[in-house]
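# Examination of the molecular architecture
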Amino acid sequence: MSGAVQSIRGIHDILPADAALWFTLEAAATEVFAAYGYQQIRLPILERTELFKRAVGEVTDIVEKEMYSFEDRGGDSIALRPEGTAGCVRAGIEHGLLHNQIQRLWYHGPMFRYERPQKGRYRQFHQFGVETFGVAGPAVEIELIAMSARLWRKLGISGLSLQLNSLGTLEERQAYRQTLVDYFSDHRDRLDDDSLRRLDSNPLRILDSKNPALADLIGQAPELLEHLGSESADHFAEVRAGLETLGIAYQLNSRLVRGLDYYTRTVFEWRTDQLGAQDAVCSGGRFDGLVDWLGGRPTPAVGFAMGVERLLALMQILDCPLRRLEPAVYVVTQGDKAARLAVSLCEELRDRVPRLRLMKDVGGGSFKSQFKRADKSGAHLALVLGDAEADSGQVQIKPLRSDAAQQTIAVKELAAWLETHVPPTH
Ligand code: HAM
């Protein structure tokens, strides 16, 4: 017999033990986005490979090395999406959502990159992403950053640092690119292989290099912020002033260049010092050129995406409060009559007590084995119904997680009792 089939490296199952963690983040993000009037868009996982080549850039790591792309049975080149912005823009153009209007959209789901898996870096990972269209002014950057900061507060995530930079317009970046090429070419002998390759293809990414031997050289490189035109500089100053008004601290980081080609002007990244090398938990920026590149009419746009796995790892480290999904109440029975009565009693309680999470034992057996399952379920209370209780119209309430005394209560008073004694958050 051959062995069991294993999952793919870098691609993980999300098991029931982590459901509350995921649910906590998903519910909080959904609520915060709704609080700012953002609408959900659900996008396909498969897109034409061409889309990402045009949007993310042919000479980026994502497109060059990391994309899961294949020919489908009809001969078309298809990719598993490595990120969500390109598909969102594609859908927006295709359905006429972008031109001459303001859109605030969010999406979530799995993304795929053939990266070297390590802690916080996976081949299938999940993002919550937000994209806004139609606002050229800095108000929308400020709103997006405030919205992400609100989400961290809601989740109980503290200690993130906000890195901020401006990449200027595409033209300014192009001019700066030449300045950088000149600078690094003068010091070609000090560059490593990776940077030499990038010198021709994507010189801004040299600034991103983690090689300590290059730190000095990079430290002395010309700064993009000093090469911004006056409109870009004003725009950036307004973004900064807006954040200061809201009391959102940031660090200017002229080395923040981002790994995707579509950014213009403001870029930002929320980082943690708790997760090692994979420290970006949320990143994004303005991409005023992308709608045009993908065949739409020129439309300003800004967005970000957060890495769900990284945020969840951080929430575990910080011991953030989680939503409770386990049952609050577990019903055990003894005797045929009690078992029959319990079925309709449980349905009635779920009807009458808002958001009650109640699990009825279905395994049967002795009280002892039912209580074992009650304990394993995580419930706080057991309701105990035997034939004698069924006859007298009563039920016993037994606390499972405290020393509080057991009590007996009339079945007809049970719904009201549960409503006051079992808050939905329990
Ligand atoms: P990104 O920086 O490539 O940007 O990814 C956004 C976030 O996804 C990262 O900050 C990180 O938390 C998470 N992430 C990326 N790769 C992995 C991985 N292999 N494993 C786990 N987490 C990962 C984008 O994708 C842009 N589309 C963001 C954006 C939206 N810009 C404008 N709008």
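Residues numbered from 1 in each chain as written. Predicted model: local features only at pLDDT ≥ 70, side-chain atom pairs only at ≥ 80, totals over all residues. Heavy atoms only, no water.

This part covers the nonpolar core. If you look at soluble globular proteins, the nonpolar side chains tend to sit buried side by side. If you look at the biggest cluster of nonpolar residues, it comprises 47 residues, and the most contacted ones within it are Phe-52, Phe-133, Phe-184 and Leu-207. Of all the secondary-structure elements, those providing two or more residues to this core are α2 (49–56), α3 (61–66), α4 (85–94), β5 (103–112), β6 (124–133), α6 (170–186), α8 (215–219) and α10 (290–293). Here this core gets five residues from one element, more than from any other, and that element is α6. Apart from the residues lying within four places of it in its own chain, the contact partners of Phe-133 are Cys-88, Val-89, Leu-98, Gln-101, Ile-102, Gln-103, Leu-105, Phe-287, Val-291, Thr-299, Pro-300 and Ala-301. Listed in part, the 43 residues of the second largest apolar core include Leu-25, Leu-144, Trp-152 and Met-315. (Core = buried A, V, L, I, M, F, W, Y, C linked by side-chain atoms within 4.5 Å. Buried < 20%, exposed > 50% of the residue type's maximum accessible area, 1.4 Å probe, protein only. Helix = DSSP H or I, 4+ residues; strand = E, 2+ residues; numbered from the N terminus. Contact = heavy atoms within 4.5 Å.)

Across all of its chains, the model carries 23 salt bridges by this definition. When the shortest N-O distance is used, the salt bridge between Arg-198 and Asp-61 registers 3.4 Å. With Arg-198 in helix α7 (residues 193–201) and Asp-61 in helix α3, the pair connects residues that are 137 residues apart, well separated along the chain. Each member of the pair, Arg-198 together with Asp-61, is buried. Salt-bridge contacts for Arg-197 lead to Glu-64; the nearest nitrogen and oxygen are separated by 3.8 Å. In this pair, Arg-197 is assigned in helix α7 and Glu-64 in helix α3, connecting sequence segments 133 residues apart. (Salt bridge = Lys/Arg side-chain N within 4 Å of Asp/Glu carboxyl O.)

It is worth spelling out the site of the ligand at this point. Among the 26 residues in the neighbourhood of the ligand, the closest are listed as Glu-83, Glu-115, Glu-131, Tyr-263 and Ser-283. Interatomic distance of 2.9 Å between a side-chain N/O atom of Arg-113 and an oxygen atom of the ligand. Between the ligand and Glu-115 there is a distance of 2.6 Å, counted from a nitrogen atom to a side-chain nitrogen or oxygen. Every element with two or more residues in the shell around the ligand is listed here: β6, β10 (280–286) and β11 (301–307). By residue number, the principal contributor to the shell around the ligand is β10, which donates six residues. Considered class by class, the residues forming the shell around the ligand number eleven nonpolar, eight polar and seven charged. (Near = heavy atom within 4 Å. Polar contact = N/O pair within 3.5 Å; in protein donor to acceptor, adjacent residues only side chain to side chain. Nonpolar A, V, L, I, M, F, W, Y, C, P; charged D, E, K, R; others polar.)

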